[in-house]
Structure formats: C-alpha cells, structure tokens
Amino acid sequence: MGNPETQGPPEEQYLGPVVRRREQVTPGTTDQRLLDSEGDSEWVHTDPWRVMRIQSEFVEGFGALAELPSAISVFGSARTKPDTPEYEAGIAIGRALVEAGFAVITGGGPGAMEAANKGAREAKGVSVGLGIELPFEQGLNPHVDIGVNFRYFFVRKTMFVKYAQGFVVLPGGLGTLDELFEALTLVQTKKVTKFPIVLFGSAYWSGLVDWLRDTVIAQGKASEKDLLLFHVTDSVDEAVALVTKETGK
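Residues numbered from 1 in each chain as written. Predicted model: local features only at pLDDT ≥ 70, side-chain atom pairs only at ≥ 80, totals over all residues. Heavy atoms only, no water.

J.: I'd love a proper account of the overall build of the chain, names of residues and values included.
T.: Tallying secondary structure elements over the chain gives eight helices and nine strands in all. Here the chain, with 249 residues, has 40% of them falling under the buried criterion. Taking as baseline every contact in the chain between residues at least 6 positions apart, the subset at least 24 positions apart corresponds to 67%. Working note: accessible area of the chain is about 14,600 Å², and carbon and sulfur atoms make up 54% of it. (Helix = DSSP H or I, 4+ residues; strand = E, 2+ residues; numbered from the N terminus. Buried < 20%, exposed > 50% of the residue type's maximum accessible area, 1.4 Å probe, protein only. Contact = heavy atoms within 4.5 Å. Areas by Shrake-Rupley, 256 points an atom, 1.4 Å probe, with all protein chains shown as cover.)

J.: Tell me about helix 8 (residues 236-244), and name the residues and values.
T.: Along helix 8, the residues that are buried comprise Val-236, Ala-239, Val-240, Leu-242, Val-243 and Thr-244. Lining the buried residues of helix 8 we find strand 3 (71-75), helix 3 (85-99), strand 7 (167-169), strand 8 (197-200) and strand 9 (231-233). The opening residue of helix 8, the one whose side-chain oxygen lies 3.4 Å from the backbone nitrogen of Asp-237, is Ser-235. (Polar contact = N/O pair within 3.5 Å; in protein donor to acceptor, adjacent residues only side chain to side chain.)

J.: Explain the nonpolar core residue by residue, including any values.
T.: In this structure, Ile-105, Leu-130, Phe-167, Val-169, Leu-180, Ile-197 and Phe-230 are the most contacted members of the largest nonpolar core, which totals 38 residues. If you tally residues by element for this core, the top one is helix 7 (residues 202-217), at six residues. Among the nonpolar cores identified, the runner-up in size contains 21 residues, and Val-74, Ile-93, Leu-97 and Phe-200 belong to it. (Core = buried A, V, L, I, M, F, W, Y, C linked by side-chain atoms within 4.5 Å.)

J.: So what's going on with the sheet that holds strand 6 (residues 146-150)? Residues and values would help.
T.: Pairing is parallel in the open sheet, where seven strands are placed in the order 6-5-4-3-7-8-9. Strands with a single pairing partner mark the edges of an open sheet, and in this sheet they are strand 6 and strand 9. Ignoring which end each strand starts from, the neighbouring axes of this sheet average 20° apart. Two strands pair when backbone bridges link them, and strand 8 and strand 9 are joined in this way by three bridges, in the parallel orientation. In the strand pairing of strand 9, Leu-199 is matched with Val-232. Each of strand 3, strand 4 (103-106) and strand 5 (127-132) is contacted by helix 4 (residues 112-122), which is oriented at about 160° to strand 4, the strand it contacts most. Helix 6 (residues 174-188) rests against strand 3, strand 7 and strand 8 of the sheet, and its axis sits at about 150° to strand 8. (Pairing = 2+ DSSP bridges. Axes fitted to C-alpha atoms, helices over the stretch in contact; angles between N-to-C directions.)

As structure tokens, this is what we get:
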C-alpha cells in the first residue's frame, strides 16, 4: 500500500452515500474534519449542516403538534388593526371553531392571526401559533398557548397543512396569498384530500376570484372546476360550517 504520507489523493472517494472522483475528491475524511479543533466555524453555514437544522425543525414541529385535536388553520394579515371589522371577524371565527370542537392554528403573529388566537383562547380552546424568523419579527402574540418558531417557511407550511383539516383565509397580503395558493395547489394536485378552503370577506376576495375566472381559466391556465376548490363567504357561521363539514364532527 505504500506510505500514506507520500501517496497522492485517491481517484475515488466514498463519503457515506456520496461518491467523489478525480478533481472532486476532497482532502481528509469526515471524521478528521469533525475532530479537528483547528478548523473554522464556517461549517455551520454549509448545506449539509442546514439539512440537520431542517430535520430538527421537522422533529420539533411534529413533537409539539402530534397530540393536537382536530384543528383548522386561520390565515390573515399581520397588519389588521384591532377594533376593525376584520379583527372582530377573526375573534369570532377563532371562538366559533373552538365551539365546533377544533383547535385553532395561526402564524402566531399580530393582526388577524392574533384575533383568531384570541377568540380560541377566550373560548378556552387550544390556541396554536407557528411563528417564522423574519428581520422584522414581532414574536408570538400573547394569546398563543402552544407556540413553535421556525427558521424555514417550507417547514412551517408543512405544519399548517399536516395538522389542520382545513383553512380559513381572512384578508391578507403576500404571505397570506402564498399560504392560500400553496393549499390550493396541494388540493388541485390531490396531495391532500378532503381539505376545505374558505375565503372570508367577499369584497376583499372578489377581485382575485374574477381574475382567476376571467383571465387564468379563460386563457386555459386552469380549469373551471378549480373554482370549486374554495368557498367565499361573509358569514362566520357559514365559514365554520364549510371548513368543518368534511371532518366528521
């Protein structure tokens, strides 16, 4: 085998399931890099380390939410002001969902999210907030009883869908639209089944619905039946009835 100190790098290198050859062979071994106390801290910013962080977020989320009762996720703008009709609607929806036997999951922030959590808490139900690390993060609102903060949006969105039986979507901005269209895509492609989606506030959502029908569907980018993936209402009672009707409760 010769003296290992005088041999050049191998032509083929196995690093767990990864094979590297020729110029892609890396110096040293994984154990060596792990145990080398003289290395810098740049490793915490590498993609393999991020995979571990992502895994840990899934584990923490699954662990915190695994024993939740049946739940509905409620979305809406963080900019919704208290004492407005939208805020009051959020409180009423949170309360009504608890009275119907459901936990309430929100993004944990202020505005419409806070309103739904407040309604759930006042009704003595389970109030959940799934926060996200943002440059302007305001923390979880005080009405959250179970809170989980995430680094990654896609992990957080998995939790919204996995642990909820449906969505109620209050008026909101880009984040709310992101969550709405994620859910619509999952239902359209049958990644999730029996997942009702209710848009609350017909005046706010009518322009979007018109655009979907008159532009997206009219130009063949979606089908007419895709308009059946969601319901629009101005009634709290109807919203709760629609979003919970397929759960068997």
